Every structure is written in C-alpha cells, then in structure tokens.
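Given next are the chains, with one letter for each unit.
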Amino acid sequence: MQVSERHRQYWQKNLRITGILLAIWFVVTFVVGYWARDLNFTFFGWPFSVWMGGQGALIVYCVIIWYYARYMNKLDIEHNVHEED
Amino acid sequence: MAGMFEHGAKTDSASTASFKSQLNKVYSWYAGGFIGFVLVLAVLEQMGLPKSWIGFIFLLATVGLYAGIGIMSRTTDAAEYYVAGRRVPALYNGMATGADWMSAASFIGMAGTVYLTGYGGLAFIMGWTGGYCLVALFLAPYMRKFGQFTIPDFLGARFEGNLPRFIGIIGAILCSFTYVVAQIYGVGLITTRLTGFAFEIGIFVGLGGILVCSFLGGMRAVTWTQVAQYIILIVAYMVPVVWLSIKQTGVPIPQAIYGYQLQKVTERENQLKKDPKENEVIAIFKERAAAADAKLKDVPGAMAADLAAAQKKLDDLKAANGPAADIQAAEKTLAGLPKTAEDAKKAYTAAKTSNAARAVPLAGMPPHAQQFAGDPNGDAKAKDAFDTSRRNFLALIFCLMVGTAALPHILMRYYTTPSVKEARDSVTWSLFFIFLLYFTAPALAVLVKYEVFNVLVGTPFDKLPAWINNWARVDPALLSVTDINKDGIFQLGEMRISGDIIVLATPEIGGLPYVVSGMVAAGGLAAALSTADGLLLTIANALSHDLYYKMIDPNAPTARRVSISKALLVVVALAAAGVAAQKPADILFLVSAAFSFAAATFFPPLVLGIFWKRANRWGASLGMVAGLGTTFYYMATTQPWLRGVFGVTSPIADNIWWGILPISAGLFGVPIGIVTIIVVSLLTPPPSPATQELVEHVRYPDLKLGTA
C-alpha cells in the first residue's frame, strides 16, 4: 500500500498539532507545577498556582481537546480522508 | 423507552438524527422526573416521613431504575453486547464515559483529600482530568478507527500474535480487578449508610443492581444506565456546594468565588496556629506521645505498672460500690491490656505514633494554600522536604495522567461511537462532563473548611450539631471528637475526620434537609455502580472474547461467546464482592496502584504501536512485561502492606528511589517500558508489511485509496 503525498501531509500536520497541544499541556501541568511556590501572586482571590491546579489547568485541558477535535475534523475534509456518512 | 433501545442497526443519517432526538427527549424527561422525585420526597420529609424511609426509597428507586434500563436493553447480539452497536452519539458517550470514569474515589473521596491535604490534593484533580488530553491526542481516534472490541484485540492485531494479547489480558484483569474491589467496597459503605443494613448485605444489594444491568445487556445496557447515573451524580454533587456558596457568600457560583473564601481560611489558619487553646491540645498530645515513648524504653516495667493501675482502679470502684457501667468498663480495660511483651511493644508504638501525629498545628493539615511542604530557602532539611514533596506531587500527576490514558475500561468506550469524528468529539464531551465535577471539588473542600473553622471551632461541646454524633456512631474511624483539654469547647485539634465523609456530610454541614443527604448518597452509589459496571464488563470481555474466542476456540458461535461472557461476569462480580467483604486494609492504595499498573503496561505499547511502525511483537511483549514488572517490584519493596505480603525485610529507605512514594511507581515503569520496546524492536526484525499497512490504516479516518 502506497499512501499519497496528500496523505503524508495530513499525517505531518496531525503530528505538528499534536506536538503543539502536548507542549501546552506540559506547560500548564508540569512547568506551572514545578514553580508553584514562586507563582504565588493573587489572582481573583487565589494564589495563582493554586487556581491553576484547581481550575485553570482543567479549563486549558478542555480547550486543548475541543480544539484538537475541531482542527482534525476540518483537516480530514481538507485532505479528503473524512468518513462519508 | 424500550423502543428507543431496540433501535435497529441501520446507521443512515436520517435514522441517526431521529435516534439522537429521541435520546434527547427521553433523557430530558428523565432528568425532570428525577428532580420531581427529589422535590416530592422533600415535601414528604417536611410532612414527617422518617429519615430511614428516605434512605430506603432512594436506594430502591435508583437501583430499580438501573435494573429496569438493563432489562429493557437486554441483548445477545455480539456487536450490541460488546460495543453497544457502535451508534452511541458523542454527547451521550461523553456522559457515559463520565460516569464510567468517576468512581467512588472521585465522588466521595476526592474533595475530602483536598480538604485534608490542600494543594497536594490537587494532584488528583489535575491528574484525573489532564489524562484525557493524552486520550484525545494519542489514543481515542485511532482506537475507534481500528474498530475491534477490546484493548487486547488491538495488541494482538498490531503486534502479531497471541503473546502480546495474552500479556494484555493479564494487565487488563490485574488493573480492573483491583479497581472493581474498591468500587464494590464503596457500594457497601453507602448502602450501609442509607439503610442501616450490615455491610456484607449492603454489598450484595448493590451487586444485584450492577449484575441485572450488565448481565442482560452488556455494553448497550451499561451505556444507557451510565448516562442515567451521570445525571443523578452531577445533580447530587452540585446542590450542596451551591447551597454552601450562597450561604457563605451570597453568590451561587462556588467555582468562581471560593478564592475569597480561601483567603479567609488562610487568615483563620494563622489565628488557629497561635490560639492558646489549640496549643494546649497539642501539648497534651505531645505529653501522651512522650509517655508512650517512655513505656517503650522499659516494656516489662510499663506492663506491670499498667496492670497495677487498672487493677487498683477496679478495686477502688468495687470498694466504693461504684456504678455497674463504670465497673464493667474498668474490667474491660483490665482484660484488654496487652498480654505479651510483643503485643505491649506494638500497642505502645501505635500510641506513640498516633499521639505524635495529632500533636501538630491545624490537626495535621498543611495550610490550605501552601504549595508543597518544607521551605526552599530554609535549612538543608527544609530544602530537602520541599524538593521531595514537589517531586512526589509532579510524579503523582504523571502517573495518574498516563494511567487515565491507559485504563482499558475507558479506552473501550471509544469503540462505541459511530465514527472517528464522533470519537474525537466524544472525548471533548467526556472531559467536559468530568470537568464539571472536578472543578467543583476544590471549591467544596474550601467551603467546608471555612464552615468547620468558623462555625464548629469554638462551639461548646453540648451544642455541637447532630451530624457529628450521627457519623461518629456509623464508625468512629470516620469521625471522632473528644474534649481533650476538658474545657468544654470544641477545638480543631480535638476532631479526627476521614476524607471519605466530607462529601457525604456536606449537606448536613450546610444545614440542608435530610433528603439532600439521601440524594448525595444516591449520587455516590451511582458513581460507584457505574464504574463497577464498566470494569466488570472489561474483565468478562477480556476472558470471554480475548482468551476464549480469540485464543482457545476461534470457531465459537456468537451466542456462545456472549453467554460465556455473561457467566464470567457473575463469577468475577462474586469474586470481587467476596474480596471487598473482607475489607482489605489498603483499599485506597489498591485504586492508585491500578493507575500505575495500567500506565506501565498499556500506555507504551498502545502509543508506540500507533506512532512508530517499527515497534514489533517482541518489543511490545517485553516492554509490557518490563513496565509492569518494574512497577510491581518498586511497590512490593516500598509499600508497607505489599512488603508484608511478599515478606520483604530490607529497610524501605534502601529501596526508595529519589524519595518517590510507592503510589507513583509508574514513574519508573513507563519510561522503562518505552525504552524496552524501542531497543528490543530495533534488535529484532520489523513487523510484516500487512501490519505496517494496519498502522497506516488506523492513522486516517478514511484512506479512500483509488479516489485520492
């Protein structure tokens, strides 16, 4: 089986968006977590890192997954690999 | 409603749309009906319906409802039984995954953990939500495209053979079984609280509800029940928190406002640390710990002294003709004294540790808003404490996240959607529905803490609210209060509270009517039952589909496969209930262990199997064994209960790596699994062209070769 150039591009774009979103995921989880003690400024009443741990990171996770689904569903159609229903 | 679940196998878009709108209608009516049901009970309570009746009605109505859905969705068709006919719309699959995912630990335990450990507890909140990013980016769409029935199916097809499949079966059973035992334990606890049945009977009543549902209808019944359970559990979780928020701040959105309550809690913490009465309580615990320590230095002498003192007290009481109850108590104390030096040493050590643990400010809770223990700018010891605490926090998040993305009962759910696109959307919905509960939990913890610090602390003992005594009566291990310094006033240090009752007691802490307590308990039951359903199906399917059908008898007719799965379901459920009825000591540890096991066993082969064509049979097999083996070895040598089981005697300190706690053992298992797969795959021949084509096939929702 030989996939076409168009398919290869699709997969490259998929890997790129996966990488970018994963980097964001890593920053809000582990980078903010590592420097939690230093990110202690007040944010609407919370110390910032406490807010991130309890709420902020969760909102970012939801947005990451939502954006990925939207992006990929569009990419499927652009590269003609979407499912016919 | 029955008609809805009988929907035929056609999946053209018109019938899909009508199926969806029918679902919307049924579940809106259902949600309305549930709220109406609660309101009617609330009115009946005001008219004098006894509390025990409310508990019974909640238990019977909800378990009956789940069983009813199970009976209506009964099936013997393999596609229906294993993957609900692959036509569950994204939104409903999201709700079902939410209920499948949120277990007794999430519903009952998580907010309590945050209450007790502050920032450290947020590791669970982040870990159990952030893992869905990995599910969405690495697994769900590809699993759906692969489109079989179970996770071992994927391992068997991608890694060419029964060896990887078999290791997968072992891994799936190991993590699902440890997890299901904890759920059934939770079911028993709540049923006991709702009805007053004995714990063992409670387990079997709850089990009945689980079995009718998954036994008759497999994945189809479980899916529609889980949607119903999600609606109950989310309503039950929100109502008391919103109420507390209105009561304390006047704003009905606790998630947006609790930052200001957290500031007040922090202020109050500083006051309590300086409070002379609190310090008096701490001093008493210190004295007691010191006394126990002194006894340890001369065990035989202390035993003789204890015996003489108890005997003297009894004699004095008898001589003075004291009340019969006091005499009995004194006799009991005397009879309960340790008989051998060995026992006495154990008892004194226990007294020393437990008293020393309570001789600390804020009843041992760290300041709620403080990130990590220790101090990075302090002396060497404080620096070390800070580093270890931070390292463990991040390691725990890592294990929970990777574990989330590797638990077979969750990944299995993405086989049930109609298409790859719906699988992607379905992860979005899953996390959204999970998010609703998880981002409320930290708010609940802070609001309850505010209530305890400001309302309870300083109350005279005879004016304490009734819920404290009610819970203490259920089990003193869950909640106990004693007037340690005999001043008649309640101090924070005088209460011992288990995290497991925080959520269940929130309605009472907030002064809500009992019907809300019943509803919260029913929500906890829904959470535990729904997860147990999903886990039991996973185990039964691994045995019937993967072991029996794929490995032992590939010619077995469909009907026999489904019947075998059903029979196994009952056996596994009874076995799990049997283990849960023994109340194994370290149930919380078992749950967390399941995550590390899943992470180390499944995550590396699944992800590499999709993203690296060169990964082959030997790499995956050895990688899974190495990952699981490392995790297991680390736990067995560092976790006290497992050390006992395996008779490990070398000191824990020698076996600990970088101060990582056994709960995060997956931190070592996952990278070792990945490295093993890569190294071994490169040393052995690449997979066949057909397998490489399979990888190509799962990467694109529809390749359309020839048309492209």
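Definitions and limits used
- One numbering rule holds for all chains: residues counted from 1, following each sequence as written.
- Chain A is the first chain written and ligand 1 is the first ligand written, with later ones labelled in order.
- Under the rules for a predicted model, residues below a pLDDT of 70 receive no local features and side-chain atom pairs below 80 are neither given nor counted, while totals for whole chains, interfaces and linings still include all residues.
- Segments assigned H or I by DSSP are reported as helices when at least four residues long, segments assigned E as strands when at least two residues long, and all are numbered from the N terminus.
- The globule rule used here is 2.2 Å times the number of residues to the 0.38 power, and the radius of gyration it is set against is calculated over C-alpha atoms.
- Using C-beta atoms placed from the backbone, we call a residue buried if 20 or more other C-beta atoms fall within 10 Å of its own, exposed if 12 or fewer do, and partly exposed for counts in between.
- Here the contact rule is simple: place C-beta atoms from the backbone, and any two residues whose C-beta atoms are within 7 Å are in contact.
- Comment: axis = line fitted to C-alpha atoms, over the contacting stretch for helices; angle = value between 0 and 180 degrees taken between N-to-C directions.
- Orientation labels follow simple angle bins: below 35 degrees gives roughly parallel, above 145 gives roughly antiparallel, 65 to 115 gives roughly perpendicular, and whatever is left gives oblique.
- With the far helix as reference, a near helix turned anticlockwise by less than a right angle produces a left-handed crossing, and one turned clockwise produces a right-handed crossing.
- Amino acids are sorted into nonpolar (Ala, Val, Leu, Ile, Met, Phe, Trp, Tyr, Cys and Pro), charged (Asp, Glu, Lys and Arg) and polar (every other residue, Gly among them).
- pLDDT runs from 0 to 100 and stands for how confident the predictor is about each residue.
- Segmentation of the chain into domains, including their bounds, is taken from an automatic or database domain assignment.
- By convention the nonpolar core is taken to be a set of buried residues drawn from Ala, Val, Leu, Ile, Met, Phe, Trp, Tyr and Cys and joined through C-beta atoms within 7 Å.
- Expected span of a helix, by definition, is 1.5 Å for each gap between consecutive residues, and there is one gap fewer than residues.
- Throughout, the arc means that of the directions going from the helix axis to the C-beta atoms.

1. A few points about the overall build of chain A
A count of helices and strands for chain A gives 2 helices and 2 strands. From first element to last, N terminus to C terminus, chain A shows the α and β order α-β-β-α. Relative to a compact globule of 85 residues, whose C-alpha radius of gyration would be 12 Å, chain A shows 18 Å and is clearly more extended. In terms of overall dimensions, chain A has a C-alpha envelope of 55 × 25 × 15 Å along the principal axes. Counting all 85 residues of chain A, 36% fall into the buried class. For chain A, restricting intrachain contacts to residue pairs at least 6 apart in sequence, the fraction spanning at least 24 positions comes to 61%.

2. Here we look at the overall build of chain B
A tally of regular secondary structure across chain B gives 29 helices and 2 strands. Relative to a compact globule of 708 residues, whose C-alpha radius of gyration would be 27 Å, chain B shows 27 Å and is just as compact. Dimensions of chain B along its principal axes, counting C-alpha atoms only, are 100 × 65 × 45 Å. Counting over 708 residues, chain B shows a buried share of 50%. Intrachain contacts of chain B at a sequence separation of at least 6 include 81% that bridge at least 24 residues.

3. Some details on the packing of helix α10 (residues 199–249) of chain B against helix α19 (residues 441–456) of chain B
Residues and elements named next belong to chain B. Closest axis-to-axis distance for the α10/α19 pair is 10 Å, and the angle between their directions is 50°. Classified by the interaxial angle, the pair formed by α10 and α19 is oblique. Here the hand of the crossing between α10 and α19 comes out left-handed. On α19, the residues touching Val241, Leu244, Ser245 and Gln248 of α10 are Ala443, Leu444, Leu447, Tyr450 and Glu451. Here the contact of α10 with α19 is built from residues that sort into 6 nonpolar, 2 polar and 1 charged.

4. Notes on the confidence of the model for chain B
Residue and element names in this part refer to chain B. Model confidence for chain B is summarised by a mean pLDDT of 85, while 97% of its residues fall at 70 or above. Ranking the helices and strands of chain B by mean pLDDT puts helix α28 (residues 666–683) first, with 94, and helix α1 (residues 2–5) last, with 41. At the level of chain-chain contacts, confidence expressed as ipTM amounts to 0.94, with global pTM at 0.88.

5. Quick word on the interface of chain A and chain B
Across the boundary between the two partners, chain A contributes 44 residues, which contact 46 residues of chain B. Elements represented by at least two residues in the side of chain A that touches chain B include exactly α1 (5–34), β2 (46–47) and α2 (48–78) of chain A. By residue number, the principal contributor to the side of chain A that touches chain B is α2 of chain A, which donates 18 residues.

6. Side note on unusual backbone geometry
A negative phi angle is the norm for most residues apart from glycine, just as the trans form is the norm for most peptide bonds. All names here are of chain B. Although it is not a glycine, alanine 363 adopts a positive phi angle of roughly 55°. The phi torsion at phenylalanine 372 lies on the positive side, around 70°, for a residue other than glycine. Along the chain, phenylalanine 372 falls in the loop between α15 (341–358) and α16 (380–404).

7. A closer look at the domain arrangement of chain B
Residue and element names in this part refer to chain B. Looking at chain B, the domain boundaries give domain 1 (17–454 + 517–584) and domain 2 (585–708). Once you take the C-alpha centre of each, domain 1 and domain 2 turn out to be 25 Å apart. The interface is formed by 42 residues belonging to domain 1 together with 43 residues belonging to domain 2. Elements supplying a minimum of two residues to the side of domain 1 that touches domain 2: α7 (122–146), α8 (151–158), α9 (162–195), α16 and α18 (420–438). Ranked by residue count, the leading element in the side of domain 1 that touches domain 2 is α9, at 11 residues. When its residues are assigned to classes, the side of domain 1 that touches domain 2 shows 31 nonpolar, 6 polar and 5 charged.

8. Let's talk about the nonpolar core
Among the nonpolar cores identified, the biggest contains 222 residues, and Ile65 of chain A together with Ile184, Leu233, Val402 and Leu536 of chain B are the most heavily contacted of them. Among the elements that line this core, the one with the most residues is α10 of chain B, at 23 residues. If you count residues domain by domain, this core takes at least three from each of domain 1 (17–454 + 517–584) and domain 2 (585–708) of chain B. Apart from residues no more than four positions distant in its own chain, isoleucine 184 of chain B is found in contact with Ile203, Leu207, Ala532, Ala576, Ala577 and Ala580 of chain B.

9. Some words on the environment of proline 89 of chain B
Residue and element names in this part refer to chain B. Secondary-structure assignment places proline 89 in the loop between α4 (78–83) and α5 (90–101). Residue proline 89 is classed as partly exposed on the basis of its C-beta count, with 19 C-beta atoms lying within 10 Å. For the pair proline 89 and valine 481, spaced 392 residues apart in sequence, the C-alpha to C-alpha distance is 50 Å. Setting aside its immediate chain neighbours within four residues, proline 89 contacts Lys20, Leu23 and Glu422.

10. Thoughts on the environment of phenylalanine 432 of chain B
In this fold, phenylalanine 432 of chain B is placed in helix α18. Residue classification places phenylalanine 432 of chain B among the partly exposed residues on the basis of 17 C-beta atoms within 10 Å. For the pair phenylalanine 432 of chain B and valine 591 of chain B, spaced 159 residues apart in the sequence, the C-alpha separation amounts to 23 Å. For phenylalanine 432 of chain B, the contacting residues outside a window of four places in its chain are Cys62 of chain A together with Gly94 of chain B.

11. So, helix α3 (residues 51–72) of chain B
Residue and element names in this part refer to chain B. Here α3 spans 32 Å end to end across 22 residues, near enough to the 32 Å set by a 1.5 Å rise per residue. When we look at burial in α3, the residues that qualify are Ile54, Gly55, Phe58, Leu59, Thr62, Val63, Leu65, Tyr66, Ile69 and Gly70. The buried residues of α3 all sit within an arc of 140° when viewed along its axis, so they share a single face. The outward face of α3, more than 90 degrees from its buried face, is lined by the exposed residues Ser52 and Gly64.

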